[in-house]
Amino acid sequence: MLQSIKRLFQFTEEYKRKMILSIFLAIGSVAAGILPYFLVHRFVLEILYPSIPKTELMVIAIAIGVLLILKTVLFIFSTMLSHQAAYCILRNIRLKLANKLTRLPLGYVLERDSGVIKKVMENDVEELERFLAHNIPETISSVLVPVLVLIYLVFIDWRMAAAMLIFIPIAAFFYVLMMRINKEKLDKYYRAVDKMNAVVVEYVNGMKEIKAFNQSEGAFFRFREAINDYRRYVLDWYKACWPLMSAYFVLIQASVVSVLPLGLYLTINGSLDVSVLVLFLLISMGFAAPLMKLSEFADGIIAVTNAEKNVHGILSETEIPIKTQNVSPKNHTVKFKNVSFAYDNEFVLNHVSFEAVEGKSLAIIGPSGSGKSTIAKLICRFWDIEKGEICIGDVNIRDIKPDNLMDMVSFVFQDTFLFNMSIRENIRVGKPEASDGDIIAAAKMAKCHDFIMKTKNGYDTLAGDAGNRLSGGERQRICIARAILKNAPILILDEATSSIDPDSEEQIQEALGELAKGKTLIVIAHRIRTIMGFDNIIVLQDGEICASGKHEKLLETSSVYQCIFQAYTFTESWTIKSGKEMRKC
Ligand code: ADP
């Protein structure tokens, strides 16, 4: 917890002045809340034993009113400043996180559930607001002012001050117990909240599948279990915590119970003035309010610590090493030299060596799970390899600045992603400075112009809104248009046309063929038909290259390739046959 608080204070450095001012205003506010008790004491004394003119008595009465107003005004200004500082700090933390994500291996981001990263950036960062805007000023002032008042009271009468304090150690004991229970129980509670959130998202997102496969009962059971778990942990926490919290509240306000009998005894035996007794009774009542606020700190700090740990978890991840001096490759030939790679412990690529020559086309084919996509992703440095070397134009990709590397590569993934902005802007992502004319030309090449024009607002249709209505093939075509617009010297297509109907696919392949002229073209193939004419085909099996060459050679020499080809011809004939049968019907 202390580590988390220490790290949080580092974020406040830039807004130190605002934070300190907010703390002083909070101290002023708490002081303005306690001072009226002293003035009321004075007021009562003056009524009982008048020593000053009545007009001065009025001044005391007005001062009491002003102090009570001041208490609220100072609190408002303190909160305003602490919130201003807190939200600037939250913005900085969010920007830092976003920046960090761009410097982490892309694989790190892809491997994680986007919901988890979203939760850290949204909810966990927001949780820190409680500490920055409330806990810091309010806790400091809620402790400091009562302590100063107590010191003052010790000088007036140490016996009465001791009586006021008598319950504080017991209250503190319950407070520490409460903190311990919070730490133990709230961890489980927060995990239950996370689980419930994940199950809710899964339940809603998977509604289509749940209905299609009649899984309502199973899915609902998981949903209900998660909610029940959540309820169980909340109640568990309440049950354990509330007796302690109640004891703390009672004890913190109990000083009057000790002050009154002792005060009466001392007054009766003549060793305490009645006016001092009245003062202690009044302060006993005002003293508790700020200390009660500390209860909010007890459960809040656990949530804050949890959130800070999640934020720190991302911020402390190892970044992809970046060379400060960029080396520019002399050409765009991609070379794998004896590359082996494992995501976890098991190698998914073993001693892979090949060359994708600039101006030539290379296809990678092989059974599902053989490592094709991994090869494509390694070229973009989604992960760093530990064994072997990947070069572009004889320069190790680790020596190329990530921005420059990304400029060199156009990548169309199998799982397309569209931003929640217009189709036009989605295509423009490929080349931010492109004109509308360039965008339309790219869209025409990718065969998406026609269906875009059929959407309600054409190129201005929001892809996020339209996204649900666009077919998988249409989404892929928008992504292809993006890659066409980018026009990078290395073009990697990872099953980029898998969701596109054969007719459009042929036209897009033609367009991509045009685009790829003079470039390095690497295609992860799913339909053998589209790569038969390629300059080189690599056949991958279990992470190893088992054959390579042109289509005709592979048909003669590679049994794996023959199998893939037979499977393809069987599927094609089956499709045509079923088509004929359908027509007959
Ligand atoms: P292909 O593209 O040929 O279908 P992939 O390159 O996607 O194959 O996957 C190769 C192997 O690596 C598979 O066994 C797959 O389960 C595993 N794999 C792929 N991505 C990851 C990942 N992010 N983390 C762990 N294992 C992965």
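Check the entry above for the structure.
The structure reproduced in this document is the subject of the present report. Everything numeric here is computed off the predicted structure, so don't read it as measured data.

**A few points about the overall build of the protein chain**
Per the secondary structure count, the protein chain includes 21 helices and ten strands. In summary, the protein chain has a C-alpha radius of gyration of 35 Å against a globular reference of 25 Å for 585 residues, an excess of more than 25%. Evaluated residue by residue, the protein chain yields a buried proportion of 45% over its 585 residues. Partitioning the contacts of the protein chain with sequence separation of at least 6, the portion at a separation of at least 24 is 77%. Accessible area of the protein chain: about 30900 Å², with a carbon and sulfur share of 60%.

**Section: the site of the ligand**
Lining the immediate surroundings of the ligand are Glu111, Tyr343, Val348, Pro367, Ser368, Gly369, Ser370, Gly371, Lys372, Ser373 and Thr374. One nitrogen or oxygen atom from the side chain of lysine 372 is found 3.0 Å from an oxygen atom belonging to the ligand. Within the backbone of serine 373, a nitrogen or oxygen atom sits 2.9 Å from an oxygen atom of the ligand. Within the complex, the protein chains bury 63% of what would otherwise be the 560 Å² of accessible surface of the ligand.

**Concerning the nonpolar core**
Ranked by internal contacts, the top residues of the largest apolar core, which has 73 residues, are Leu128 and Leu153. Among the elements that line this core, the one with the most residues is helix H11 (residues 274-315), at 19 residues. If near-sequence neighbours (up to four positions away) are discounted, leucine 153 is found in contact with Phe38, Trp158, Ala161, Met164, Leu279, Phe280 and Ile283. The next biggest cluster of nonpolar side chains, apart from the first, holds 43 residues, and it includes Ala442, Cys448, Ile480 and Tyr568.

**Observations regarding helix H7 (residues 168-205)**
In a regular helix each residue adds 1.5 Å, so 38 residues correspond to 56 Å; H7 covers 52 Å between its end C-alpha atoms and thus fits that length. When the local axis directions of H7 are compared, the greatest deviation, roughly 30°, occurs at lysine 185.

**Some thoughts on the sheet that holds strand S4 (residues 387-392)**
Taking strand neighbours across the sheet as the criterion, the four strands line up as S2-S1-S4-S5 in an open arrangement whose pairing is antiparallel. Edge positions in the open sheet fall to strand S2 (347-356) and strand S5 (395-396), since each of these has one partner strand only. Relative to S2, strand S1 (residues 334-342) is paired through six bridges, and the arrangement is antiparallel. Each bridged residue has a counterpart across the sheet, and for valine 339 the counterpart in S2 is valine 352. Together, S1, S2 and S4 form the strand contacts of helix H12 (residues 372-379), whose direction differs from that of S1 by roughly 115°.

Scoring rules and cut-offs
- Residues numbered from 1 in each chain as written.
- Predicted model: local features only at pLDDT ≥ 70, side-chain atom pairs only at ≥ 80, totals over all residues.
- Heavy atoms only, no water.
- Helix = DSSP H or I, 4+ residues; strand = E, 2+ residues; numbered from the N terminus.
- Rg over C-alpha atoms; globule rule 2.2 N^0.38 Å.
- Buried < 20%, exposed > 50% of the residue type's maximum accessible area, 1.4 Å probe, protein only.
- Contact = heavy atoms within 4.5 Å.
- Areas by Shrake-Rupley, 256 points an atom, 1.4 Å probe, with all protein chains shown as cover.
- Near = heavy atom within 4 Å.
- Polar contact = N/O pair within 3.5 Å; in protein donor to acceptor, adjacent residues only side chain to side chain.
- Core = buried A, V, L, I, M, F, W, Y, C linked by side-chain atoms within 4.5 Å.
- Expected span 1.5 Å × (residues − 1).
- Bend = angle between axes of the 7 residues up to and from the residue.
- Pairing = 2+ DSSP bridges.
- Axes fitted to C-alpha atoms, helices over the stretch in contact; angles between N-to-C directions.

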